[in-house]
Amino acid sequence: MPLALIISSHVAGSRVGASAQATALVQFRIDSMVVPTVLFGRHPGWGVPGGAPVPIEVLEGMLDGMEANGLFGLTDIVITGYFASAAQVRAAARAIDAVREAPREGAASRKPSIIVDPTMGDAGKGLYVLPEVAEAIAAELIPRADVVACNAWELQKLTGADARDPQSAMRAARLLGKPTLVSSVHRGAEIGVVLADRKEAWLAAHAKAERSPNGTGDLLTALYAASILEGQTLSYGLARAVGGVAETVTAANIWNAPELPIVAMGARIKQTSPTVRIERLA
């Protein structure tokens with residue numbers, strides 16, 4: 001069974017962050033080790049979240065325990081997301097290095113993949129982490145990433161280039177010099193995700209939903225991570241990941257669910273969606 005290490009937020013009452021990603025990965029028979037950066041009761045978008053950031057010594061101690069048990073050598077993929085302090089970011093960077101350097105044998109000998117979601121802010125909200133956290137993510141995690149999974153606002157923050165429409169998102173993504181997944185890309189009445197590397201670029205788009213619960217970016221990252229472990233092509237991996245998110249958002253609207261119904265959607269998040277249009281970008 002593939003094994004993921006997720007370093008991000010744990011929010012007990014909202015389907016966001018690391019716990020949402022671990023729930024989604026179960027559908028692909030991918031096991032997860034979650035190292036929380038914060039312990040919150042609800043998403044801050046609902047109001048005061050309750051809980052607190054995880055002290056750095058606790059976070060580092062959890063990572064040390066995993067490494068001491070030989071789990072870094074079994075880790076197939078690392079996903080990083082929300083951080084409450086620059087010290088946490090640096091601890092995650094050290095863990096990534098340790099995962100890459102850990103001895104591997106047999107089925108675990110394949111090279112681990114690193115997905116960095118530079119969770120910093122969003123359009124209309126601006127930066128919602130401390131400036132030093134954003135700086136640490138850019139300096140410590142982006143260079144270590146095999147794949148960057150960000151929204152259009154975060155990509156512009158990282159590169160200084162506009163990324164709001166498909167073509168500009170493709171150009172900005174290529175400035176990072178590595179495969180980049182860019183969400184919240186707009187074109188007319190559609191919203192979509194661009195996936196670009198040096199050789200090819202794709203857009204998966206669908207009609208904008210009337211509302212979207214928090215956590216869609218976290219779910220998208222997890223679904224694309226599954227496609228990496230399965231060895232899927234860029235275009236299919238993108239189409240399936242965006243389809244899973246789109247179907248989950250649609251279900252949330254039909255059911256008037258305040259959170260993403262990831263568990264209820266079950267196997268649907270593993271399939272492409274007829275509502276998602278995929279096209280290759282020139």
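Residues numbered from 1 in each chain as written. Predicted model: local features only at pLDDT ≥ 70, side-chain atom pairs only at ≥ 80, totals over all residues. Heavy atoms only, no water.

Draft legend 1. Main features of the overall build of the protein chain. A count of helices and strands for the protein chain gives nine helices and twelve strands. Relative to its length of 282 residues, the protein chain is compact, with a C-alpha radius of gyration of 17 Å against a globular reference of 19 Å. If one aligns the C-alpha atoms of the protein chain with their principal axes, the spans along those axes are about 50 × 45 × 40 Å. By residue count, 53% of the 282 residues in the protein chain fall in the buried class. Considering only contacts in the protein chain between residues 6 or more positions apart, those separated by 24 or more positions represent 69%. Just so you have it, the protein chain exposes about 12000 Å², and 54% of that area is on carbon and sulfur atoms. Treating the 26 positive side-chain charges of the protein chain as one cloud and the 27 negative ones as another, the clouds have centres 6 Å apart. (Helix = DSSP H or I, 4+ residues; strand = E, 2+ residues; numbered from the N terminus. Rg over C-alpha atoms; globule rule 2.2 N^0.38 Å. Buried < 20%, exposed > 50% of the residue type's maximum accessible area, 1.4 Å probe, protein only. Contact = heavy atoms within 4.5 Å. Areas by Shrake-Rupley, 256 points an atom, 1.4 Å probe, with all protein chains shown as cover. Lys, Arg positive; Asp, Glu negative; His and termini not counted. Charge placed at Lys NZ, Arg CZ, Asp CG, Glu CD.)

Draft legend 2. Summary view of the sheet that holds strand β3 (residues 51-53). Taking strand neighbours across the sheet as the criterion, the ten strands line up as β3-β2-β1-β4-β5-β8-β9-β10-β11-β12 in an open arrangement whose pairing is mixed. A single partner strand is all that each edge strand has here, and the edge strands are β3 and β12 (277-280). Taken pair by pair, the neighbouring strands of this sheet meet at an average axis angle of 25°, ignoring direction. In this structure, strand β5 (residues 113-116) lies alongside strand β8 (residues 147-151), joined through two bridges in parallel fashion. Residue pairing in the sheet places V116 in a bridge with V148 of β8. Contacts from helix α1 (residues 17-26) reach β1 (3-11), β2 (31-40) and β4 (77-80) within the one sheet, and its direction differs from that of β1 by about 140°. Contacting β8 and β9 (180-187), helix α5 (residues 152-159) runs over the sheet at an angle of about 115° to β8. (Pairing = 2+ DSSP bridges. Axes fitted to C-alpha atoms, helices over the stretch in contact; angles between N-to-C directions.)

Draft legend 3. Summary view of unusual backbone geometry. One non-glycine residue, S184, adopts positive backbone phi at about 60°. On the accessibility criterion, S184 (28% relative accessible area) is partly exposed. The backbone of N256 shows a phi angle near 55°, a positive value even though the residue is not glycine. Tracing the chain through its elements places N256 in the loop between α8 (234-254) and α9 (262-265). Classification of N256 as exposed rests on a relative accessible area of 61%.

Draft legend 4. Quick look at the environment of I7. Positionally, I7 belongs in strand β1. A relative accessible area of 0% means that I7 is categorised as buried. Considered as a pair, I7 and A18 are eleven residues apart in the sequence and their alpha carbons are 6.8 Å apart. Aside from chain neighbours lying at most four places away, what touches I7 is V35, T37, L63, I79, T80, G81, F83, A92 and A95.

Draft legend 5. Main features of the pairing of strand β10 (residues 190-196). When you tally the buried positions in β10, you get five out of seven residues, the bulk of the element. Turn length for the β9-β10 hairpin, with the two strands adjacent in sequence and antiparallel, is two residues, and the turn residue G188 shows positive phi of about 60°. Here β10 pairs with strand β11 (residues 201-207) via seven bridges, running antiparallel. Bridge assignment links L195 to a residue of β11, and that residue is W202.

Draft legend 6. Main features of the pairing of β8. By the criterion of burial, β8 is predominantly enclosed, with five of the five residues buried. Here β8 shows two buried faces, one formed by V147, A149 and N151 and the other by V148 and C150. Of the strand pairs in this sheet, β8 and β9 are connected by four bridges, and their pairing is parallel. Residue pairing for β9: N151 is matched across the bridge by S183.

Draft legend 7. Broad picture of helix α4 (residues 131-141). What α4 keeps buried is the set V133, A134, A136, I137 and L141. Looking down the long axis of α4, one finds its buried residues gathered within 160° of arc, a one-sided arrangement. Opposite its buried face, α4 presents the exposed residues E135 and A139, each directed more than 90 degrees away. Looking at the packing, one finds that the buried side of α4 touches β4, α3 (86-101), β5 and β7 (126-127). (Arc of directions from axis to C-beta.)

Draft legend 8. Just the nonpolar core, in detail. Ranked by internal contacts, the top residues of the largest apolar core, which has 52 residues, are L5, F72, L141 and V194. Counting residues per element, this core draws most heavily on α3, at nine residues. Apart from residues lying up to four places away in sequence, L5 is in contact with M33, V35, L63, M66, F72, T75, I77, V78, I79 and V99. (Core = buried A, V, L, I, M, F, W, Y, C linked by side-chain atoms within 4.5 Å.)

So yeah, pure geometry; function would need other evidence.
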